[in-house]
Amino acid sequence: MGEREQYTPGPASGAQIRKDGEKWTLILVRELRHAPEKVWQALTEPEHLREWAPFDADGSLGTVGNTVKLTTVGAPTPRVTETTVTRADAPEVLEYKWGGFDMRWELETFGGGTRLTLWTNIGHRFIAMGAAGWHICFDVLDHLLSGKPLGRMVGPEAMKFGGWQRLNAEYAKQFGIETPDGPSQKGRTNQS
């Protein structure tokens, strides 16, 4: 059995939301066992992004001022957005927009590896879905950097994966929000 078939995401963790009126920001933190320089390369270079990220890039995101087309993977119709890298302090901070949403990546040396933090604004009705999707992307990234690639799991393909459904429900419960697919998780108990 391959790595992908054995993969099960861990519980929803390392996420929080910040609310500023209608603008909600998802903050995800993950500790990786890899040096910041190695993680930086995976965040900025097209050949690495296509292995784990929910978009393809037609150029490097590693240089301020670079204009890059980002193509969302798995969208029902082609969704291409053009972005300009607004900050690229290798290997510490990366900023750009994806589909009009702010993307801020922070990398800190931590215990022989990297503490990776993603800050992104997502519509509040979809923030649990975003957390679940990025959770899986971070797992795929970690496996890739460890030399045990799982293959990219994003968009509708990821949503069919049983682990994604569980994560979406867990994050919705943590955030105290309703999911677009169902009732509020607030105050519900586990029912078999």
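A quick note: this is a predicted structure, and the numbers were derived from the prediction, not measured.

Peer 1: Describe the pattern of salt bridges, naming the residues involved and giving the relevant values.
Peer 2: Applying the stated criterion to the full structure yields 11 salt bridges. Of the charged contacts, one joins arginine 87 and aspartate 89 as a salt bridge, the two residues approaching to 2.6 Å between their closest N and O atoms. Taking relative accessible area as the criterion, arginine 87 reaches 31% and is therefore assigned partly exposed. Classification of aspartate 89 by relative accessible area gives partly exposed; the value is 33%. Here glutamate 106 makes a salt bridge to arginine 104, at a shortest N to O gap of 2.7 Å.

Peer 1: Describe the packing of helix α4 (residues 127-145) against helix α6 (residues 162-175), naming the residues involved and giving the relevant values.
Peer 2: One can describe the packing of α4 onto α6 by two numbers: an axis separation of 8 Å at closest approach and a directional angle of 130°. What the angle tells us is that α4 and α6 run oblique. For the element pair α4 and α6, the recorded crossing hand is right-handed. In this structure, α4 uses Ile127, Ala128, Met129, Ala131, Ala132, Gly133, His135 and Ile136 to contact α6, whose residues at the interface are Trp164, Leu167, Asn168, Tyr171, Ala172 and Phe175. Its residues assigned to classes, the contact of α4 with α6 comprises 11 nonpolar, three polar and no charged.

Peer 1: Go over the layout of surface pockets with me, naming the residues and quoting the values.
Peer 2: Of the volumes computed, that of the largest pocket is approximately 800 Å³. Lining the largest pocket are 28 residues, and of these Pro54, Thr72, Trp98, Met129 and Gly130 lie nearest its centre. Per-element tally for the lining of the largest pocket: the top contributor is α4, with five residues. Tallied by class, residues from the lining of the largest pocket come to 18 nonpolar, nine polar and one charged.

Peer 1: Can you tell me about unusual backbone geometry, naming the residues and giving the values?
Peer 2: Of note, the bond from alanine 90 into proline 91 is cis; its omega dihedral lies within 30 degrees of zero at -15°. By secondary structure assignment, the location of proline 91 is in the loop between β6 (87-89) and β7 (93-98).

Peer 1: Give me the sheet that holds β7: which residues, what numbers.
Peer 2: If you walk across this open sheet you meet the six strands as β1-β2-β9-β8-β7-β6, and the pairing is antiparallel. Each edge of the open sheet carries a strand with a single partner, namely β1 (15-20) and β6. Going from strand to strand, the sheet's axes swing by 20° on average, the running direction of each strand aside. Sheet topology note: the β7/strand β8 (residues 101-110) ladder contains six bridges and is antiparallel. Bridging from a neighbouring strand, glutamate 95 pairs with arginine 104 of β8. Lying over the sheet, α4 contacts β1, β2 (23-32), β7, β8 and β9 (113-121), oriented at roughly 20° with respect to β2.

Rules behind the numbers
Residues numbered from 1 in each chain as written. Predicted model: local features only at pLDDT ≥ 70, side-chain atom pairs only at ≥ 80, totals over all residues. Heavy atoms only, no water. Salt bridge = Lys/Arg side-chain N within 4 Å of Asp/Glu carboxyl O. Buried < 20%, exposed > 50% of the residue type's maximum accessible area, 1.4 Å probe, protein only. Axes fitted to C-alpha atoms, helices over the stretch in contact; angles between N-to-C directions. Helix = DSSP H or I, 4+ residues; strand = E, 2+ residues; numbered from the N terminus. Parallel < 35°, antiparallel > 145°, perpendicular 65-115°, else oblique. Left-handed = near helix turned anticlockwise from the far one by under 90°. Contact = heavy atoms within 4.5 Å. Nonpolar A, V, L, I, M, F, W, Y, C, P; charged D, E, K, R; others polar. 1 Å grid on protein atoms, 1.4 Å probe; cavity = no way out; pocket = protein on both sides within 12 Å on 5 of 7 lines; lining within 4 Å. Points joined across faces, edges and corners; volume = space filled by probe spheres on them. Pairing = 2+ DSSP bridges.

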